[in-house]
Amino acid sequence: MTLTRRDVEKVSLLARLRLSAAELETMTPQLDKIVHFVEQLNELHTDGVEPMAHALDLRNIFADDEPRPSLDRDAALSNAPKRDDECYRVPAVLGE
Amino acid sequence: MSLLNHTATELLAKLESREVSSAELTAAYLKQIETLDPQVQAYLRVLPESALAKAKEIDARRAAGQPVGKLGGLPVAIKDVICTQGEVTTCASKMLETFVPPYNATVVEKLRAADAVLIGKTNMDEFAMGGSTENSAFQATKNPWNLECIPGGSSGGAAACLAASMAPLSVGTDTGGSIRQPAALCGVTGMKPTYGRVSRYGLVAFASSLDQIGPLAHTVEDAALLLAVLAGHDPLDSTSADVEVPDYRAALSQPLKGLKIGVIKEHFGEGLDNEIAAAVQAAVQEYEKLGATAKEISLPHSKYGIATYYIIAPCEASSNLARYDGVHYGYRTDEKAMLAELDAERAALVKAGQQQEADNLDTPLVRLYRQSRAEGFGPEVKRRIMLGTYALSAGYYDAYYLKALKVRRLIRQDYDHAFKEVDVILGPTTPTPAFKMGEKLNDPLAMYLEDLYTVTANLAGVGGISIPCGFTKSNLPIGLQIQAPAFAEAKCLQAAHLFQQATDWHNRRAKLQ
């Protein structure tokens with residue numbers, strides 16, 4: 001299938017990326033070329049093949065249910081671009 | 001012979017016999033960095049004060065007869081994707097330009113406990129995405145063998161600092177070839193261990209089911225020394241494997257009898273440089289001379305490796321990099337300017353009578369995310385986030401992601417079959433030697449094909465090492481890749497060591513002034 005500029009714009013919202021007109025211009029054909037390339041996998045019949053999400057056959061790794069120290073709030077907030085004493089700050093989310 | 005031409009193993013012996021102190025050695029490397037790094041640009045940050053302080057502390061302990069760790073005061077360079085508490089860790093991204101991790105990665109804790117001297121953080125492709133280190137937001141590292149060429153990537157700084165004798169040991173990461181490919185192009189030894197062998201706690205995630213930390217060094221012996229420190233189960237990483245770590249250095253002194261090597265038929269096809277093909281074939285003959293038996297083997301699905309990888313890795317990346325939101329940590333756009341622009345857009349639409357479009361504009365929070373990410377990420381990172389988001393979006397999941405996971409299984413089964421017949425698999429590490437800077441920058445797909453021979457090890461979860469096996473006519477290094485079954489790093493290292501005992505490609509160093 002062929003990717004259009006409109007598709008790329010839609011994906012940029014899903015990806016929470018703002019792309020400039022120039023970026024849309026260069027990225028649309030680049031992504032289209034890569035998507036066409038990966039579609040070569042359709043040559044392979046994979047009915048009945050079990051998908052492999054992970055290289056290790058690990059399941060449900062449990063930790064003991066014991067309280068342990070964790071990062072304290074100040075350390076967790078130390079890299080915040082904008083904060084107050086206790087919280088991260090963001091622009092208003094609900095209506096004005 | 002200059003101190004810096006020695007291997008880490010030789011330097012460790014000199015430290016232990018007190019022929020040289022860690023402070024002297026560290027100062028010598030700092031001097032070399034000061035002299036050469038302005039040309040090579042392998043380091044993003046050098047840590048002279050903390051390195052010298054640590055070195056002196058180790059020297060004092062040794063002088064007092066107190067115990068000293070396995071790395072005994074050897075300097076080690078660390079790729080800037082691994083968290084160092086209190087020291088900026090950028091992933092070569094504007095997004096994390098001022099990020100100071102509140103904790104150490106497990107491998108950093110282990111290095112410290114082993115008395116390594118952390119000498120600096122090395123350059124890389126942004127978020128480890130790339131094969132040339134040109135995707136760094138800060139600087140392009142040069143290949144010490146030819147400063148007009150790329151060093152490979154994404155661990156380009158990690159490999160180049162060794163090739164220019166600016167560190168005796170270096171830690172990198174490999175998601176699709178990011179240790180092995182730069183090791184090959186810079187003429188050093190680099191190993192991607194089995195997935196799960198080394199803890200990823202504190203490694204900034206790119207593609208979590210593929211990422212693995214590993215050693216880069218001048219020799220296999222040195223790589224074994226460093227891997228022994230890095231490896232092992234970690235309760236802080238639930239995907240780290242609880243599998244016993246053998247004594248890698250001791251394994252190297254064991255005689256290797258009746259080694260069966262498999263030569264991958266598919267890796268000698270279209271796209272392989274003639275000089276690399278000849279050097280790898282000569283390496284196979286060298287192994288036969290050393291008593292190994294070689295046979296041709298097939299990994300029939302390996303040609304689908306790149307396509308599979310460039311679905312799975314971007315999908316995982318798009319999810320992992322969703323954390324960079326301009327709120328918790330990392331870059332945030334100028335909020336005032338962003339809100340003013342959004343208001344102006346709304347006013348213009350209302351004025352034009354396009355109320356519907358005005359209502360559909362981003363909310364301030366969504367625009368904060370989108371604008372921060374637009375300014376904080378470079379082009380390749382954006383491309384991969386877009387690719388992964390597309391492949392995982394409604395209606396496409398089965399066609400791309402699920403399909404890729406099934407092919408991943410077929411690739412793994414190829415390895416399982418091959419390893420029933422042979423102990424290790426040999427082939428070229430890269431299809432071409434180091435290329436000129438800028439050559440593939442505008443053709444992402446051509447850059448992706450650089451990983452042709454390396455990605456399958458990540459997809460299957462097996463280990464692999466690249467060692468020098470020759471030079472092209474224009475004096476650029478050639479890498480031989482040796483892959484071994486999961487958790488058989490000792491076998492992989494033994495096989496690679498066997499080659500280095502009979503050849504001297506690994507002893508050559510780039511000559512820079």
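One numbering rule holds for all chains: residues counted from 1, following each sequence as written. Each chain gets a letter, beginning with A, and each ligand a number, beginning with 1, in the order they are written. A pLDDT threshold of at least 70 governs which residues receive local features in this predicted model, and a stricter bar of 80 or more applies before side-chain atom pairs are shown or counted, although totals over entire chains, interfaces and linings include all residues.

Draft legend 1. Spotlight on the overall build of chain A. Looking only at helices and strands, chain A features 3 helices and 0 strands. The way it works is that DSSP assigns letters per residue, a run of H or I at least four long becomes a helix, a run of E at least two long becomes a strand, and they are numbered from the N terminus. When its helices and strands are written in sequence order, chain A yields α-α-α. Scaling as 2.2 N^0.38, a compact globule of 96 residues should have a C-alpha radius of gyration of about 12 Å, whereas chain A reaches 22 Å, well beyond that. Taking all 96 residues of chain A together, 18% fall into the buried category. The atom set for the radius of gyration is the C-alpha atoms, and the globule formula is 2.2 Å times the number of residues raised to the power 0.38. Buried residues are those with 20 or more other C-beta atoms within 10 Å of their own C-beta, exposed residues have 12 or fewer, and partly exposed residues lie in between; C-beta atoms are placed from the backbone.

Draft legend 2. Region of interest: the overall build of chain B. Within chain B one finds 18 helices and 11 strands. A globule of 513 residues ought to have a C-alpha radius of gyration of about 24 Å, and chain B, at 23 Å, matches this closely. With the principal axes as the frame, chain B shows a C-alpha extent of 80 × 55 × 45 Å. A burial count over chain B gives 58% of its 513 residues as buried. Remark: residues whose backbone-derived C-beta atoms lie within 7 Å of one another are considered to be in contact. In chain B, the proportion of contacts linking residues at least 24 apart, taken out of those at least 6 apart, comes to 77%.

Draft legend 3. The arrangement of helix α3 (residues 48-63) of chain B in detail. All names here are of chain B. One less than the residue count of a helix, multiplied by 1.5 Å, gives the span that helix is expected to have. Over its 16 residues, α3 extends 22 Å from the first C-alpha to the last, a length consistent with the 22 Å expected when each residue adds 1.5 Å. Of all the positions in α3, only Ala-51, Lys-54, Ala-55, Ile-58 and Asp-59 are classed as buried. Buried positions in α3, seen along its axis, are confined to an arc of 140° and lie on one side of it. Within α3, the exposed residues directed more than 90 degrees away from the buried face are Glu-49 and Ala-63. Buried residues along α3 sit in contact with α2 (22-40), β2 (75-79) and β3 (117-122). Taken from the residues just after α3, Gly-65 is the one with a positive phi, measuring 75°. Directions are taken from the helix axis to each C-beta atom, and the arc is the one they span.

Draft legend 4. Expanded view of the interface of chain B and chain A. If you look at the interface, chain B gives 55 residues, while chain A gives 43 residues. Of all the secondary-structure elements, those providing two or more residues to the side of chain B that touches chain A are α10 (305-320), α11 (335-351), α13 (364-376), α14 (379-392), α15 (398-421) and α16 (444-448) of chain B. It is α15 of chain B that provides the largest number of residues to the side of chain B that touches chain A, a total of 11 residues. When residue character is reported, Ala, Val, Leu, Ile, Met, Phe, Trp, Tyr, Cys and Pro are called nonpolar, Asp, Glu, Lys and Arg charged, and the others, Gly included, polar. Residues of the side of chain B that touches chain A, tallied by class, amount to 32 nonpolar, 12 polar and 11 charged.

Draft legend 5. How the structure looks around the environment of Leu-236 of chain B. Residues and elements named next belong to chain B. Structurally, Leu-236 is set in the loop between α7 (220-230) and α8 (248-252). By C-beta crowding, Leu-236 is classed as partly exposed, having 14 other C-beta atoms within 10 Å. Once the C-alpha coordinates of Leu-236 and Glu-357 are considered, the two residues, 121 residues apart in sequence, prove to be 48 Å apart. Once residues lying within four places of it in the same chain are set aside, the contact partners of Leu-236 are Thr-106, Ser-199 and Tyr-201.

Draft legend 6. Local environment of the confidence of the model for chain B. The pLDDT score gives, residue by residue, the confidence of the prediction method on a 0 to 100 scale. A residue-level look at chain B finds 100% of positions with pLDDT of 70 or above and a mean pLDDT of 97. Interface predicted TM-score (ipTM) for the complex: 0.95; the corresponding pTM is 0.97.

Draft legend 7. Here's a closer look at the sheet that holds strand β11 (residues 477-484) of chain B. Residue and element names in this part refer to chain B. Note on pairing: DSSP must find at least two bridges between two strands before they are called paired. One open sheet holds the 11 strands; their spatial order is β1-β3-β2-β4-β6-β5-β10-β11-β9-β7-β8, and the pairing between them is mixed. In the strand order of this sheet, the two ends are held by β1 (43-46) and β8 (293-297), each with one partner. Neighbour to neighbour, the strand axes of the sheet diverge by 30° on average, direction disregarded. The sheet contact formed by β2 and β3 spans 5 bridges and is parallel. Following the sheet pairing, Ile-78 is matched in β3 by Lys-121. Interaxial angle, 0 to 180 degrees, is taken between N-to-C directions of lines fitted to C-alpha atoms, where a helix line uses only the stretch in contact.

Draft legend 8. Broad picture of the environment of Gln-494 of chain B. Residue and element names in this part refer to chain B. Inspection of the secondary structure assignment puts Gln-494 in helix α18 (residues 489-502). Assessed through the 24 C-beta atoms surrounding it within 10 Å, Gln-494 is described here as buried. Taking the C-alpha atoms as reference points, Gln-494 and Ala-251, separated by 243 residues in sequence, lie 6.8 Å from one another. Ignoring any residue separated from it by four or fewer positions in sequence, one finds Gln-494 in contact with Ala-251, Leu-252, Gln-254 and Leu-256.

Draft legend 9. A look at unusual backbone geometry. Residues and elements named next belong to chain B. The linkage connecting Gly-153 with the following residue, Ser-154, adopts the cis geometry, with an omega of 5°. Looking at where Ser-154 falls in the secondary structure, it is placed in the loop between β3 and α5 (156-163). Phi is positive for Thr-133, close to 65°, though the residue is something other than glycine. Residue classification places Thr-133 among the buried positions, given that 33 C-beta atoms sit within 10 Å.

Draft legend 10. Highlighting α15 of chain B. Helix length check: α15 of chain B, at 24 residues, gives a terminal C-alpha distance of 34 Å against a target of 34 Å (1.5 Å per residue), a fit within 8%. For α15 of chain B, the set of buried residues is Tyr-400, Tyr-401, Lys-403, Ala-404, Leu-405, Lys-406, Val-407, Arg-408, Ile-411, Asp-414, Tyr-415 and Phe-419 of chain B. Taken together, the buried residues of α15 of chain B touch α2 (21-38) of chain A together with α10, α14 and α17 (455-460) of chain B.

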